[in-house]
Amino acid sequence: MKASASGHRRRRGLGSTRYRRGLAGTAIAAVVMAALTASQAPGVGLGGHDGKGADAAGDASPGDGSYDMELPPLESPNPPGGSAPGGVGDKSGIPKSVLAAYKKAAKSLATSTPGCGLRWELLAGIGKVESGHARGGAVDKEGTTLRPILGPVLNGAGFANIKDTDGGRWDGDTTYDRAVGPMQFIPSTWARWGADGNGDGRKDPNNVHDAALAAGKYLCADGRDLSAKADLDRAILSYNNSSEYLRTVLAWFEFYRKGTHAVPDSDIPPVSVPGLGEPGGGPVKGTPERGGKDDSATKPGKGSGGSHGNGDKDDGKDDGKGGGHDKPSPEPTAPHAIERATDQNITAVAGETFAARPGVKAETAKGKSVKGVKVRFEIRGSTQATFEGGAKEATVTTGADGVATAPALAAGAKTGTFTIRATAVGKNLGTVDFKATVTAPQADKVTRTETTALVADKNGTFADIAVKATRKGKPLAETTLTATLADTAKGPFFSVDQQGKQVRTPVTVKTGPDGVARLSGLRADDKPGTYTLTLTAEGGAKVEVQLTIKG
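Residues numbered from 1 in each chain as written. Predicted model: local features only at pLDDT ≥ 70, side-chain atom pairs only at ≥ 80, totals over all residues. Heavy atoms only, no water.

1. Overview of the sheet that holds strand β5 (residues 359-363)
Stage number 1. Overall, antiparallel pairing links the three strands, which are arranged β3-β5-β9 in an open sheet. The open sheet has two edge strands with one neighbour each: β3 (337-340) and β9 (403-405). Taken pair by pair, the neighbouring strands of this sheet meet at an average axis angle of 30°, ignoring direction.
Stage number 2. Of the strand pairs in this sheet, β3 and β5 are connected by four bridges, and their pairing is antiparallel. Bridging from a neighbouring strand, Ile 338 pairs with Ala 362 of β5. (Pairing = 2+ DSSP bridges. Helix = DSSP H or I, 4+ residues; strand = E, 2+ residues; numbered from the N terminus. Axes fitted to C-alpha atoms, helices over the stretch in contact; angles between N-to-C directions.)

Structure follows, in structure tokens:
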């Protein structure tokens with residue numbers, strides 16, 4: 001999301017309809033906010049922490065500090081007919097794909113975080129201000145932007161100074177970070193809050209469904225109740241710590257609450273969106289992997305998201321050399337990322353082999369499998385675990401399904417947690433981490449070593465009780481067993497306390513090198529009958545023993 005900056009920069013040099021309001025938009029700002037404050041509609045108005053934004057769960061604000069300051073019209077929206085998305089006179093229209101993403105995210109959070117009270121109109125207000133609803137709905141059928149939407153380079157020049165955190169995976173910059181996608185997440189924030197909103201198994205900040213759900217999760221952080229004015233303000237300010245940003249988002253929030261409607265998605269992204277998609281940005285949808293021969297990600301008019309800010313002319317026309325605004329890019333075939341293909345957590349018992357093995361999948365920008373990508377799996381952390389042959393790392397090539405699976409992993413004798421990291425050899429496709437845990441061995445069987453009946457006279461003492469704990473048929477040393485009496489009011493007892501009361505609360509015994517544990521000194525009271533003693537090992541294996549007190 002956005003990174004707070006000491007000198008907050010507004011988007012300038014505006015040529016699109018988003019800023020044609022000019023001085024008129026500025027003149028009505030105070031009127032709009034006065035109306036909103038006076039209305040006292042639920043969740044609308046200024047509040048928060050004395051105007052200061054509280055970062056969500058300790059994060060910096062999601063993006064880069066740049067945003068669209070345009071305010072909505074004063075009049076209540078009425079769905080017009082025949083207007084294009086974003087056109088003058090149709091300010092209440094939201095591109096259908098983007099609107100669906102906002103509503104789906106709010107519905108999901110209503111189930112997972114019901115106390116948050118997130119309304120989809122809040123996501124719409126932020127999406128409008130951050131990217132003009134993904135540039136007027138310039139997304140494909142899966143909801144992924146047709147071209148990257150990138151914020152300014154966060155190099156400290158008017159914005160925060162954030163060194164690269166994703167190896168350029170999302171923003172194409174290996175020196176500094178940039179906010180990415182329709183909800184403008186910086187890569188480090190996406191790494192924490194990223195979500196899979198469309199259920200395709202990927203978390204992509206360029207996808208409106210994923211970005212909307214992640215934004216909702218971020219806004220709901222720290223137990224916020226967005227129906228409360230103070231929490232609503234704090235949530236918005238956590239996204240961008242600016243009172244001007246707060247006023248702008250609240251204005252659109254209230255505007256959309258009064259009524260909105262779906263309008264068609266844009267076939268091509270508009271090119272006059274200041275601060276978004278400047279040259280030098282991230283991977284272009286439908287182009288080869290970054291660093292390849294296709295330089296469309298850095299040339300105006302060829303998927304760079306427009307040429308604004310570099311002085312070049314970009315009239316949106318096809319120059320006959322491919323990559324023009326009105327022709328789709330070819331289907332990508334180069335790997336774009338590696339994604340998790342198996343469970344994140346794996347567990348094994350010390351001295352044994354992990355049953356599950358980590359696996360990742362290499363995919364193109366459109367999620368297609370890529371064969372032949374070499375993936376290195378590396379064991380990281382303090383552990384005795386190794387791959388086959390005692391190695392700490394192994395390289396595997398993806399198959400026809402795009403999946404590479406690590407070799408079998410031996411746990412070693414040391415218990416604890418470590419990491420297995422997967423990276424693509426010679427390619428910057430991100431990293432995937434797996435959490436591996438080695439637990440102490442636990443008995444899978446407990447048996448009594450003798451078959452003689454355990455009988456005692458009234459007020460007498462039972463013979464020692466010996467039990468053996470094993471795992472996969474082998475004795476298990478240093479294993480604790482808990483002895484429990486079924487009847488805690490009468491019958492056998494373990495000891496007598498200082499007041500002379502019989503003690504029947506559970507006691508523990510531990511196995512020796514031979515896996516055998518002995519319970520001694522079990523006594524009988526004067527109540528004849530048959531009673532049950534249970535010895536339970538760590539992990540749940542147990543044996544029941546019958547005890548008889550003679551009459």
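Read on, since the account is not over.
2. As for the nonpolar core
A general feature of soluble globular proteins is that nonpolar side chains tend to end up buried together.
Stage number 1. In this structure, Tyr 102, Leu 118, Leu 122, Met 183, Leu 219 and Tyr 239 are the most contacted members of the largest nonpolar core, which totals 51 residues.
Stage number 2. Of all elements in the fold, only α2 (96-112), α3 (120-137), α4 (187-193), α5 (208-219), α6 (229-239) and α7 (243-257) reach the threshold of two or more residues within this core.
Stage number 3. If you look at the next biggest cluster of nonpolar residues, it comprises 29 residues, including Ile 346, Val 360, Ala 362 and Phe 434. (Core = buried A, V, L, I, M, F, W, Y, C linked by side-chain atoms within 4.5 Å. Buried < 20%, exposed > 50% of the residue type's maximum accessible area, 1.4 Å probe, protein only.)

3. With respect to the packing of α5 against α6
Stage number 1. Packing of α5 against α6 brings their axes to within 9 Å, and their N-to-C directions diverge by 125°. In this view, α5 runs oblique relative to α6, as classed from their interaxial angle. Only Ala 235, Ile 236, Ser 238 and Tyr 239 of α6 make contact with α5, whose side of the interface consists of Ala 215, Tyr 218 and Leu 219. (Parallel < 35°, antiparallel > 145°, perpendicular 65-115°, else oblique. Contact = heavy atoms within 4.5 Å.)

4. Thoughts on the packing of aromatic side chains
Stage number 1. Counted according to the given criterion, the structure contains eight aromatic pairs.
Stage number 2. Taken together through their ring pairs, the aromatic side chains of Phe 185, Trp 190, Trp 193, Tyr 218 and Tyr 239 make up a single cluster.
Stage number 3. For the cation-ring pair, Arg 340 lies above Phe 434, with the distance from its terminal atom to the ring centre recorded as 5.1 Å. (Phe/Tyr/Trp six-rings, centres within 6.5 Å; stacked < 30°, edge-to-face > 60°. Lys NZ or Arg CZ within 6 Å of the ring centre and 35° of its normal.)

5. With respect to unusual backbone geometry
Stage number 1. Positive phi values are uncommon outside glycine, yet Arg 135 reaches one of about 55°.
Stage number 2. Topologically, Arg 135 is positioned in helix α3.
Stage number 3. For Lys 472, which is not glycine, the phi dihedral falls at a positive 50°.
Stage number 4. Secondary-structure assignment places Lys 472 in the loop between β15 (465-471) and β16 (474-475).
Stage number 5. Taking the relative accessible area as the measure of exposure, Lys 472 reaches 61% and is therefore exposed.

6. Notes on the environment of Ala 424
Stage number 1. Its location among the elements puts Ala 424 in strand β11 (residues 416-424).
Stage number 2. Along the chain, Ala 424 and Val 360 lie 64 residues apart, while their C-alpha atoms are 9.9 Å from each other.

7. Concerning the pattern of salt bridges
Stage number 1. A full pass over the atoms with the stated rule returns 13 salt bridges.
Stage number 2. Note that Glu 339 and Arg 169 form a salt bridge whose closest N and O atoms lie 2.8 Å from each other. In this pair, Glu 339 is assigned in strand β3 and Arg 169 in the loop between α3 and α4, connecting sequence segments 170 residues apart.
Stage number 3. Between Arg 471 and Glu 352 there is a salt bridge whose closest N-O contact spans 2.6 Å. A residue pair is termed long-range when its members are at least 10 positions apart, and Arg 471 in strand β15 and Glu 352 in the loop between β4 (345-349) and β5 qualify at 119 residues.
Stage number 4. Judged by its relative accessible area of 18%, Arg 471 falls in the buried class.
Stage number 5. With a relative accessible area of 19%, Glu 352 lands in the buried category.
Stage number 6. Counted as one network, the salt bridges with shared partners bring together Arg 169, Arg 202, Glu 339 and Glu 363. (Salt bridge = Lys/Arg side-chain N within 4 Å of Asp/Glu carboxyl O.)

8. Considering α7
Stage number 1. The terminal C-alpha atoms of α7 lie 21 Å apart, and with 15 residues this matches the ideal 21 Å at 1.5 Å per residue to within 8%.
Stage number 2. Across the 15 residues of α7, 12 count as buried, placing the element largely inside the fold.
Stage number 3. Of all the residues in α7, the buried ones are Glu 244, Tyr 245, Leu 246, Thr 248, Val 249, Leu 250, Ala 251, Trp 252, Phe 253, Glu 254, Phe 255 and Tyr 256.
Stage number 4. The backbone nitrogen of Glu 244 has a side-chain oxygen 3.2 Å away, supplied by the residue at the start of α7, namely Ser 242.
Stage number 5. Once α7 ends, the next one or two residues include Gly 259, with phi positive near 145°. (Expected span 1.5 Å × (residues − 1). Polar contact = N/O pair within 3.5 Å; in protein donor to acceptor, adjacent residues only side chain to side chain.)

9. Here we look at the sheet that holds strand β20 (residues 507-510)
Strand pairing within a sheet occurs via backbone hydrogen bonds; the two strands may be parallel or antiparallel.
Stage number 1. A sheet is described by the order of its strands in space; here five strands give the open sequence β14-β23-β22-β17-β20, paired in mixed fashion. Two strands bound the open sheet, and with one partner strand each, they are β14 (454-456) and β20. Across the sheet, the axes of successive neighbouring strands diverge by a mean angle of 30°, strand direction being ignored.
Stage number 2. Pairing analysis gives eight bridges linking strand β22 (residues 529-537) to strand β23 (residues 542-549), with the strands arranged antiparallel.

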